[in-house]
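Inside the fold
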Amino acid sequence: NAGVTQTPKFRILKIGQSMTLQCAQDMNHNYMYWYRQDPGMGLKLIYYSVGAGITDKGEVPNGYNVSRSTTEDFPLRLELAAPSQTSVYFCASSWGAGANVLTFGAGSRLTVL
Amino acid sequence: GENVEQHPSTLSVQEGDSAVIKCTYSDSASNYFPWYKQELGKRPQLIIDIRSNVGEKKDQRIAVTLNKTAKHFSLHITETQPEDSAVYFCAASENSYDKVIFGPGTSLSVIP
């Protein structure tokens, strides 16, 4: 039982490049989330999903896209990377119903130069 | 949407003293309030949570109180130890079935 797995752990992008952060969970959780954490700052919700085929915007969705084709996977797509997207990205999942106890992945550190 | 504020942003205490972190939320529909601890370079982990039908919850040295009328909730850590040093985040969920919004965090340092 691996929990929430994120890849890659580290990535450097050039301005204007695109990439996808992968997130997979093996706990059969319904809910999945993407947060970003800027240095010394809190966690800001980018997008979340309450089940396969359903996604919704969080607090800071601009510049990102997501999809949820299966219960297990929730990739985050960055289009036209900008320096403002330099951050640590955390994927999380939960059962959702009754208590949103989040299980976080280890994080993906992204630098845009 | 929900907005969560948290104070103080940094807190230093002597080992053995108590630490209190306070949060406020804006959406009266929120009814689930978790607290997460994030050690340096690690992922956040849940330490305690409380639902809106409960005023207080305790787990060993950690307790959380909730005042729904005032939209306040607080984390209390007693007999602090150096391993309590971390960033603590409060959060609120708009309902039990929805997104979780975090406060900006409190960096707690416990001085031996």
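See the structure shown above.
A short tour of the structure in this document, coming up. Each chain carries its own residue numbering, running from 1 in the written order of its sequence. Ligands are numbered from 1 and chains lettered from A, in the order in which they are written. In keeping with the predicted nature of the model, local features appear solely for residues at pLDDT of at least 70, side-chain atom pairs appear and are counted solely at 80 or more, and the whole-chain, interface and lining totals rest on all residues. In computing side-chain properties, one takes all heavy atoms of the structure into account and sets aside hydrogens as well as water.

Thoughts on the pairing of strand β1 (residues 4-7) of chain B
Residues and elements named next belong to chain B. We count it as follows: Burial here depends on accessible area, computed with a 1.4 Å probe over protein chains only, as a share of the maximum for the residue type. Under 20% is buried, over 50% is exposed, and the range in between is partly exposed. Only DSSP runs of H or I with at least four residues qualify as helices, and only runs of E with at least two residues qualify as strands; both kinds are numbered from the N terminus onward. At least two bridges found by DSSP between two strands is the condition for calling them paired.
Burial along β1 is one-sided: the face carrying V4 and Q6 is buried and the face carrying E5 and H7 is not. The pairing of β1 with strand β3 (residues 19-25) spans four bridges and is classified as antiparallel. Opposite H7, over in β3, you have K22 as the bridge partner.

Thoughts on the sheet that holds strand β6 (residues 56-59) of chain B
All names here are of chain B. Selection criterion: Angles here are taken between N-to-C directions and fall from 0 to 180 degrees, while the axes themselves are lines fitted to C-alpha atoms, restricted in helices to the stretch in contact.
Read across the sheet, five strands follow the order β1-β3-β8-β7-β6 without closing on themselves; strand pairing throughout is antiparallel. Of all strands in the sheet, those bounded by a partner on one side alone are β1 and β6. On average, each strand axis in the sheet is inclined to that of its neighbour by 15°, with strand direction left out of account. The pairing of β3 with strand β8 (residues 72-77) spans six bridges and is antiparallel. Across the sheet, the residue bridging to V20 is H76, located in β8.

Quick look at the interface of chain A and chain B
Applied cut-off: In this analysis, two residues are considered to be in contact whenever any of their non-hydrogen atoms come within 4.5 Å of each other. Summed over both partners, the accessible area lost on bringing two parts together, with a 1.4 Å probe, is the buried area. Salt bridges are counted wherever a side-chain nitrogen of Lys or Arg sits within 4 Å of a carboxyl oxygen of Asp or Glu. Any N or O atom pair separated by 3.5 Å or less is treated as a polar contact, with the protein-specific requirement of one donor-capable and one acceptor-capable atom, and with residues adjacent in sequence counted only for side-chain atom pairs. Basically, the charged four are Asp, Glu, Lys and Arg, the nonpolar ten are Ala, Val, Leu, Ile, Met, Phe, Trp, Tyr, Cys and Pro, and anything else, Gly included, counts as polar.
Tallying the contact residues gives 24 residues for chain A and 21 residues for chain B. Buried area between chain A and chain B, summed over both chains or domains, comes out near 1,700 Å², and the portion from carbon and sulfur atoms is 55%. Remark: the boundary between chain A and chain B carries zero salt bridges. Here chain A is connected to chain B by four residue pairs in polar contact (both at pLDDT 80 or more). For the side of chain A that touches chain B, the secondary structure elements donating two or more residues are β4 (31-37) and β5 (43-51) of chain A. Per-class residue counts for the side of chain A that touches chain B are 16 nonpolar, six polar and two charged.

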